[in-house]
Amino acid sequence: MRRFLVIGLLLFSCATGAVWLAGGVLVAPAQRVIGPPPPDLPVMAVAFSSASGATIKGWLVAGEKGKGAILLLHGVRADRRTMLDRARFLHTAGYHVLLIDMQAHGESTGAAITFGVKEAQDVQAALDYLTAQLPDAPIGVIGASLGGAALVLAEPKGRVRAVVLEAVYPTIEDAVADRLAKYLGPPGPWLAPLLLWQLEPRLGVKPDQLRPVDHIAALQTPLLLLNGTLDQNTTPTEAQRLYAAAAEPKSLWLVPGAAHVDLYRAAPEAYRARITAFFARYLSSAP
């Protein structure tokens with residue numbers, strides 16, 4: 001019996017150590033050299049400060065006079081380049097487009113990924129920048145995964161005219177449990193408390209600060225919510241829960257056959273049609 005107890009304790013210690021190491025990998029910065037802007041877009045490199053403590057780097061794509069501006073927010077461990085396809089068709093539609101690297105991503109500074117807390121401050125800084133550069137332009141936002149969570153947690157309150165959210169987790173507990181189940185099977189979510197416990201000692205963040213479902217109603221702006229029908233990281237049921245908590249006007253598109261992937265690339269023609277129609281409706285010159 002004692003031997004089994006010792007073996008059990010050793011296994012538990014090994015599992016705890018492995019989860020601690022995994023937590024360190026998850027919050028580690030995803031910084032990289034971005035390189036020159038694409039030659040097919042009229043891009044200006046930009047940089048501005050955020051209350052997160054980071055210097056945010058990005059690209060501003062010039063649009064047509066009198067058109068709206070759209071902020072593009074990438075997912076976790078990605079950077080502004082993953083949003084370039086969206087920038088291209090939005091530019092073709094005449095919009096100004098701002099693509100940024102959120103803190104601890106791409107070429108922006110930052111010591112750790114915080115899953116939306118500090119990134120929400122980057123969203124506010126980006127909105128400040130757009131308002132200063134284009135004071136008369138109505139603003140729309142597309143936020144994918146982490147980018148969408150950061151937008152919701154930022155609670156822009158009237159600063160944004162239309163919002164597209166893609167594959168946004170309702171709570172950090174859901175996000176962690178889903179990913180553990182995906183990679184480790186049914187026992188995976190048992191380890192979730194060990195990962196969630198690390199938020200405070202590593203980041204100074206508590207799980208209750210990472211609950212977009214509690215903040216989404218405060219957007220008070222037209223919302224288009226997207227999710228893949230096969231997404232295991234943010235399940236369709238979780239997307240519907242987030243949708244139910246949002247204020248009207250709102251609509252939900254569950255992209256057939258898509259997982260937790262770039263939803264534009266999963267269904268490019270349908271995506272372009274829905275997004276351009278949505279922004280054309282809500283980013284007119286009149287409020």
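An account of the accompanying structure is given in this report. (Residues numbered from 1 in each chain as written. Predicted model: local features only at pLDDT ≥ 70, side-chain atom pairs only at ≥ 80, totals over all residues. Heavy atoms only, no water.)

**Structural notes on the nonpolar core**
1) Next: Residues Leu 71, Leu 98, Ile 100, Phe 115, Leu 165 and Ile 172 are the most contacted members of the largest nonpolar core, which totals 58 residues.
2) Next: Setting aside chain neighbours within four positions, we find Ile 100 in contact with Phe 48, Ile 56, Lys 57, Gly 58, Leu 71, Leu 72, Leu 73, His 74, Arg 80, Asp 122 and Ala 126.
3) Next: Residues Leu 84, Tyr 95, Ile 142 and Tyr 282 belong to the second largest nonpolar core, which totals 31 residues. (Core = buried A, V, L, I, M, F, W, Y, C linked by side-chain atoms within 4.5 Å. Buried < 20%, exposed > 50% of the residue type's maximum accessible area, 1.4 Å probe, protein only. Contact = heavy atoms within 4.5 Å.)

**Details of the pairing of strand 4 (residues 69-73)**
A regular strand places its side chains so that they alternate between the two faces of the sheet.
1) Next: In terms of burial, strand 4 is largely enclosed, as 5 of its 5 residues are buried.
2) Next: With 4 bridges connecting them, strand 4 and strand 5 (residues 96-100) associate as parallel partners. Following the sheet pairing, Ala 69 is matched in strand 5 by His 96.
3) Next: One crossover worth recording links strand 4 to the parallel strand 5 by way of helix 2 (residues 84-92), and it is right-handed.
4) Next: Two elements, strand 4 and strand 7 (residues 139-144), share 5 bridges in a ladder whose sense is parallel. By the bridge assignment for strand 7, Ala 69 is matched with Ile 139. (Helix = DSSP H or I, 4+ residues; strand = E, 2+ residues; numbered from the N terminus. Pairing = 2+ DSSP bridges. Right-handed = clockwise from strand over helix to strand, strands pointing away.)

**Looking at the packing of helix 3 (residues 117-133) against helix 4 (residues 146-154)**
1) Next: Interhelical geometry of helix 3 versus helix 4 gives an angle of 75° and a closest axis separation of 8 Å. In terms of axis orientation, helix 3 runs roughly perpendicular to helix 4. Contacts between helix 3 and helix 4 involve Val 117, Glu 119, Ala 120, Val 123 and Gln 124 on the former and, on the latter, Leu 146, Ala 150, Leu 151, Leu 153 and Ala 154. (Axes fitted to C-alpha atoms, helices over the stretch in contact; angles between N-to-C directions. Parallel < 35°, antiparallel > 145°, perpendicular 65-115°, else oblique.)

**Section: the packing of aromatic side chains**
1) Next: With the rule as written, the count across this model stands at 7 aromatic pairs.
2) Next: With a centroid separation of 5.2 Å and 70° between ring planes, the pair formed by Tyr 264 and Tyr 271 is classed as edge-to-face. Exposure class is identical for Tyr 264 and Tyr 271. Each is buried.
3) Next: Three or more aromatic residues joined by ring pairs form one cluster here, namely Tyr 95, Phe 278, Phe 279 and Tyr 282.
4) Next: Here the guanidinium or amino end of Arg 80 rests over the ring plane of Trp 59, the centre of that ring lying 4.7 Å away. (Phe/Tyr/Trp six-rings, centres within 6.5 Å; stacked < 30°, edge-to-face > 60°. Lys NZ or Arg CZ within 6 Å of the ring centre and 35° of its normal.)

**Things to note about the pairing of strand 9 (residues 223-228)**
1) Next: Counting buried positions along strand 9 yields 6 of 6 residues, so the element is predominantly enclosed.
2) Next: Residues of strand 9 alternate between two faces, with Leu 223, Leu 225 and Asn 227 on one and Leu 224, Leu 226 and Gly 228 on the opposite face, all of them buried.
3) Next: Of the pairings in the sheet, the one linking strand 8 (residues 162-166) to strand 9 comprises 4 bridges and is parallel in character. Among the inter-strand pairings, Glu 166 is bridged to a residue of strand 9, identified as Leu 226.
4) Next: Inspection of the sheet shows strand 9 paired to strand 10 (residues 250-255) by 6 bridges, in the parallel sense. Paired with Leu 223 across the bridge in strand 10 is Lys 250.

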